[in-house]
Every structure is written in structure tokens, then in C-alpha cells.
Amino acid sequence: IWTILGAFPPVIKWFAKQELFKIPLIGRAMTKAGYLSVDRAQPREAMKALKEAANTIKSGSSVVIFPEGTRTKDGHLQPFKKGGFVMGIEAGVPVVPVIIRNSFNILPGGGLIVHPQKVELEVLDPVETAGYNRKQAEELMNKGYAIFYEQLETENSEGNA
């Protein structure tokens, strides 16, 4: 999160699980900043949140999602969720893959101790959503996953997602 905040202009919004908005101070700050909440346990509510995010994009903001939906426990790429790809289709904008390398060991899954180290951020070519409809979101998601997999898993067998 800090890598993205430092690399992009402040017109980005975050798409975050609803539980994060319940954390004192952090949740309030996220709400004030216009971050978008999604209740992953309620599919109907999640779809409403995706439409709201698509409207946010149409109004000129970028929305950041982490397509795995949660942190990796082992440093390897995890399966993607299709919500972000639905959002791109709904907004009629390309999905821009952003690779962050070497971040896993800063705070390994379940860890509480931060281990500072150098990370690399790479913005890849946009993946067009034109020609896709909501029913094809999984196809677009698989295309996005293949891009991330090629970038992360084939260059280092230990994973660096």
C-alpha cells in the first residue's frame, strides 16, 4: 500500500474489505478519503460496491484493487477474484496491472515485525476491457492472472508476489 501511495498521484481510491473500515481511526480516515468498502460475504452488496467504484472511475479517479483479495501466505501468486475486472468492464476503462516485487518479506503473512527492504514497482501495459461484457469477466480475469503469473512466478520459483 505504501509503495502505491508513494508512486501515484493522490487521485486514487482504494477498494477495501469492509472489516478494515471498522478499525478505529484507520476506518474513519479511509471513509474521509473516499475509499470504497466491499462486503465480501454479501454478493449482492459487493455488486453494488462494484457499480459505485465504476462510477468513481467514470468521474476521474483511479481505483486500486488487489485482485487476490487478501495477502499471500507463502509469497506466491494466489487465485484472483473477478470483482476488479467487472469494475473495469462496467467503467469501460482498461485494467492496468501494477507489479510490486520483493514486498512479501517486508511483512510475511501472519508476521508482526516489519523487515525494511527495497521493492520494485512496475506498471505494465493496460489490458483493454473493450469488447468484454460482465459475463466475460472471468475470461478477462484469467488474462490478467496470466500476465501476473508470467511476471512473478516464472522469474523466481520462490515467488515474490
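Residues numbered from 1 in each chain as written. Predicted model: local features only at pLDDT ≥ 70, side-chain atom pairs only at ≥ 80, totals over all residues. Heavy atoms only, no water.

Draft legend 1. Fine view of the sheet that holds strand β3 (residues 62–64). Spatially, β2-β1-β3 is the arrangement adopted by the 3 strands of the open sheet, whose pairing is parallel. Each edge of the open sheet carries a strand with a single partner, namely β2 (36–38) and β3. Strand-to-strand twist across the sheet, computed as the mean angle between neighbouring axes with direction ignored, equals 25°. Contacts from helix α3 (residues 43–58) reach β1 (12–17), β2 and β3, with the element oriented near 160° to β2. (Pairing = 2+ DSSP bridges. Helix = DSSP H or I, 4+ residues; strand = E, 2+ residues; numbered from the N terminus. Axes fitted to C-alpha atoms, helices over the stretch in contact; angles between N-to-C directions. Contact = heavy atoms within 4.5 Å.)

Draft legend 2. Spotlight on the packing of helix α4 (residues 83–91) against helix α5 (residues 137–152). Relative to each other, α4 and α5 sit at 115°, their axes nearing to 9 Å. Here α5 runs roughly perpendicular to α4, going by the angle between their axes. Considering only the axes of α4 and α5, their crossing is right-handed. Packed against α4, whose contacting residues are F85, V86 and I89, the element α5 presents A137, L140, M141 and G144 at the interface. Residues that form the contact of α4 with α5 fall into these classes: 6 nonpolar, 1 polar and no charged. (Parallel < 35°, antiparallel > 145°, perpendicular 65-115°, else oblique. Left-handed = near helix turned anticlockwise from the far one by under 90°. Nonpolar A, V, L, I, M, F, W, Y, C, P; charged D, E, K, R; others polar.)

Draft legend 3. Fine view of α4. Of all the 9 residues making up α4, 7 are buried; the element is thus mostly covered by neighbouring parts of the structure. Along α4, the residues that are buried comprise G84, F85, V86, M87, G88, I89 and A91. Structurally, α4 contributes buried residues whose contacts are with α3, β3 and α5. (Buried < 20%, exposed > 50% of the residue type's maximum accessible area, 1.4 Å probe, protein only.)

Draft legend 4. Expanded view of the side chain of E153. Residue position: E153 is located in the segment after α5. In this structure, E153 is buried with no salt-bridge partner, the nearest side chain bearing the opposite charge being R101 at 11 Å. (Lys, Arg positive; Asp, Glu negative; His and termini not counted. Salt bridge = Lys/Arg side-chain N within 4 Å of Asp/Glu carboxyl O.)

Draft legend 5. Fine view of the confidence of the model for the protein chain. Overall, the predicted model of the protein chain reaches an average pLDDT of 87, with 95% of residues at or above 70. Averaged over each element, pLDDT in the protein chain is lowest for β1 (82) and highest for α5 (95). (pLDDT = per-residue confidence, 0-100.)

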